[in-house]
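So you can see what is in the structure, the chains are spelled out below.
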Amino acid sequence: ALNYKNDQAHSLKLLIQKKAVFSIGKQTEIEGRKVIGVDIAYLGKKTTILIDQTSYLPVEIQFTDTYYSRKEIQELVEKRIRFQHFIKIGNIMYPMKQTIFKKGKKDIEINFSKVSFDPKITSDIFARPDQAMDLRYAEEMLN
């Protein structure tokens, strides 16, 4: 849970935080596109968001933070989240591909096929199935 909290501390939501401190960062190229970094300091953490200089879309988020390993040891980890294949959904440009790099290596690649904002769903899809809990799993013990 602490690792997910650290990930959320370095999201695109930083761009609208009133108490965040912004500065111009490095200029570079990513996949042949010129980008400029926006360095953001917020709540003691530093994040760089690289913005495409032509489309003004976010191309990548870069940060280093403390994470717990599987052996429950704290370590400083460098992460990058790359956004690709933007499509317009309503009035929003949304990245249909997100690649997460951890310690310089590709860790996760997420490809979206369909995205809808504020879908109308009923709460019954979150209901527990009518079966006995399997207490071998920590998630089952928590619920």
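What comes next concerns the included structure. (Residues numbered from 1 in each chain as written. Predicted model: local features only at pLDDT ≥ 70, side-chain atom pairs only at ≥ 80, totals over all residues. Heavy atoms only, no water.)

### With respect to unusual backbone geometry
Here the phi dihedral of Leu-43 falls at roughly 55°; this positive angle occurs in a residue that is not glycine. Its location among the elements puts Leu-43 in the loop between β2 (33-42) and β3 (45-52). Overall, the relative accessible area of 72% leaves Leu-43 in the exposed class. The backbone of His-85 sits at a positive phi, close to 55°, despite the residue not being glycine. Along the polypeptide, His-85 turns up in strand β5 (residues 74-89). (Helix = DSSP H or I, 4+ residues; strand = E, 2+ residues; numbered from the N terminus. Buried < 20%, exposed > 50% of the residue type's maximum accessible area, 1.4 Å probe, protein only.)

### Remarks on the sheet that holds strand β1 (residues 21-30)
Sheet architecture is open: seven strands sit in the order β1-β2-β3-β4-β5-β6-β7, paired in antiparallel fashion. The open sheet has two free edges, formed respectively by β1 and β7 (105-111), since each of these has just one partner strand. Between one strand axis and the next, the sheet turns by 25° as a mean value, whatever way the strands run. When strand β4 (residues 58-68) meets β5, the two strands line up antiparallel, connected through nine bridges. Residue Thr-64 lies in a different strand from β5, and its bridge partner there is Glu-78. (Pairing = 2+ DSSP bridges. Axes fitted to C-alpha atoms, helices over the stretch in contact; angles between N-to-C directions.)

### So, the pairing of β2
Summarising the sheet, β1 and β2 pair through eight bridges and their orientation is antiparallel. The partner of Gln-27 across the bridge, within β2, is Ile-36. In textbook terms, the turn of a hairpin is the stretch between consecutive antiparallel strands, and for β1 and β2 this stretch comprises two residues, one of which, Glu-31, has a positive phi near 50°. Here eight bridges tie β2 to β3, and the two strands are oriented antiparallel to one another. Considered in β3, the bridge of Gly-37 is made with Leu-50. A loop of two residues connects β2 with β3, the two strands running antiparallel in sequence, and Leu-43 in this loop sits at a positive phi of about 55°.

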